[in-house]
Each structure stands twice: as C-alpha cells, then as structure tokens.
Amino acid sequence: MPVMDMYAPGAFCWADLGTPDAAAATRFYTTLFGWTADDRPIGPDGFYTMLSVGGRAVAALYQLEPAAAGPRPQWLSYISVANASAAAERARALGGAILMEPFDVLDVGRMTMVQDPTGAVVALWEPRRHAGAGLVGEPNSMYWNELATDDPERAGVFYCGLLDWSAESGQVAREGYTRFTNAGTPRGGMTAIAPAWGPVPPSWLLYFAVSDCEGHVALAQSLGGAVRLPPTEAGGAGRFAMLVDPQGAVFAVIQPPAGPGAVG
C-alpha cells in the first residue's frame, strides 16, 4: 500500500530527524535512499528539510539547537491521533510524561511529544493539511516502527490504553516479540532490551524499506555510517540491518521477503 493521503488514528504516519549537522545528514540520506531534499524555512535561520521520493514526502530532518551536553541526534516517529490535546491528557493519565505540550504547527497539524512510562519518546500528530508521509512500504520509505524497552508489560499497557492497540505476544517475527494491532491491522512491534545490548535506552526504532539490504548497508558504510547489527534474517519478515548515520542517529533498513508491502 504505497501511496497515502490519510492515516487512521493509531497508525504511524510520519518521522523526522533532529541532527546537529543537517547539511551533512541531508547528503548522507539523499545518497543512501535517493531522496530529494527541499528546505522549508522555519524562522530566520532554520529549515525543515522535506525528503521525498517521486514527489511524495517520506520524512524530514532539521538542525538541532546547540545544547550544553551536545544535541543528541535521533529519528522521531509520529502516530496519528484524532485530537492531540485529548491524547496528551490520556497519556498523562496512563503514567506518561508530556515533553512538549500540544501546539499548532502552522496550519498543517497539531502535535505533542510524549515519553512513555519506560522512557521511550514518540510524537502524536493531529493532521490538518499534512496527514503524514505520502508513501510508505515501498523502497526508500517508512516500513515499520519497533519499540525496544526494559519493561514490555508496562509499555504495552500504556500504548494499548493510549491508542486502542491490542498486543499480540509470541513468535511473530521472533520468539518473545510483541506485535501491536488495531482492529487487526498491524501498527508496530515491541521487544525487550536484552542485557547483552548494554546500556541501551528505551526507544522507538524506525525501519525503511529497501530492495537490497546488503547493498544499502555497504553504501551506508561508504558514506561514513556504521553498522550496529549486520544483515540478519527476521524470522520470515525479511532481512534487516541496524545502522548509525555519521552524526549518530540510529535507524534500520529492511528488505521485505517478497517485495515491499507495508506492515504498519
């Protein structure tokens, strides 16, 4: 299901990257995924760079403001909601923290940023003129979102209560994996942080679909990226790898088993 003009509440709909070097990140991702970049002014000195495939926006990136401890680059996943203010109140009642109170983003939508009770951060998006990514599940576009957490039970209760998701545990992609669904439609996944991973903070991992997992891993490395997890079979769900861009943001690529087709 490639072309998207609207998203149901509870569906992942958008992603953007906050990075300390927007120009370098733009060069990396446009070369890696063949994206077209379009800088949109946001204030006197800043830009929100829209990243597109075939004229349809798939993601965006922007320059992080300098911070005392240094800005932390990261991809942020957005989930569509009917009402951002109501969703923020619901998140707070479920034990989440509101990192950014609901606010209007010009006339394109309204958003809030939420931290779940285990520490992972996600954005909630109330669409207006901008529903989200115009293309998903096709090569070089968003494919899947996966939560790594040190408390899957607590996180599951939070997201199911917030977004009317259902949690299906068991051997879906791999043993112990949880898949979130809404009315039978897959929305995202969840896995427990393993001790062998070391000090990994709870977070949502964004997967981009690719036609050649090994080829994209090699290209990412040639562009200055690093490999956190080499190409690996995902139990029938495809072949994936976890990468780190030159500025330090983590993301994943996945080659679906029988041609791209979004699962979330």
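No experiment lies behind these values; they were computed from the predicted model shown.

Q: What am I meant to see in the sheet that holds strand β7 (residues 109–115) here?
A: What holds strands together in a sheet is hydrogen bonding between their backbones, with the strands either parallel or antiparallel. One open sheet holds the eight strands; their spatial order is β2-β3-β4-β1-β5-β8-β7-β6, and the pairing between them is mixed. For this open sheet the edge positions go to β2 (36–41) and β6 (97–105), each flanked by a neighbour on one side alone. Recorded for the sheet is a direction-independent mean angle of 25 degrees between the axes of neighbouring strands. Bridge analysis of β2 against strand β3 (residues 47–53) gives six bridges, and the strand direction is antiparallel. Residue Ala37 lies in a different strand from β3, and its bridge partner there is Leu51. Its contacts with the sheet put helix α1 (residues 22–33) on β1 (12–19), β2, β3, β4 (56–63) and β5 (74–80), and the angle it makes with β4 is roughly 150 degrees. Along the sheet, helix α2 (residues 84–93) contacts β6, β7 and β8 (121–127); its crossing angle with β6, the most-contacted strand, is approximately 175 degrees.

Q: Help me understand the pattern of salt bridges in this model?
A: Between side chains of opposite charge, pairing is possible as soon as their charged atoms come close. Tallied over the entire structure, the rule returns 11 salt bridges. Linking Glu101 and Arg92 is a salt bridge whose minimum nitrogen-to-oxygen distance equals 2.8 Å. Given the relative accessible area of 33%, Arg92 is considered partly exposed. Between Glu168 and Arg179 there is a salt bridge, and its shortest N-O distance comes to 3.1 Å. With Glu168 in strand β10 (residues 166–170) and Arg179 in strand β11 (residues 177–182), the pair connects residues that are 11 residues apart, well separated along the chain. For Glu168, a relative accessible area of 33% gives the class partly exposed.

Reading the values: rules and limits
Residues numbered from 1 in each chain as written. Predicted model: local features only at pLDDT ≥ 70, side-chain atom pairs only at ≥ 80, totals over all residues. Heavy atoms only, no water. Pairing = 2+ DSSP bridges. Helix = DSSP H or I, 4+ residues; strand = E, 2+ residues; numbered from the N terminus. Axes fitted to C-alpha atoms, helices over the stretch in contact; angles between N-to-C directions. Contact = heavy atoms within 4.5 Å. Salt bridge = Lys/Arg side-chain N within 4 Å of Asp/Glu carboxyl O. Buried < 20%, exposed > 50% of the residue type's maximum accessible area, 1.4 Å probe, protein only.

Remember, this is a structural readout, not a statement about activity or role.
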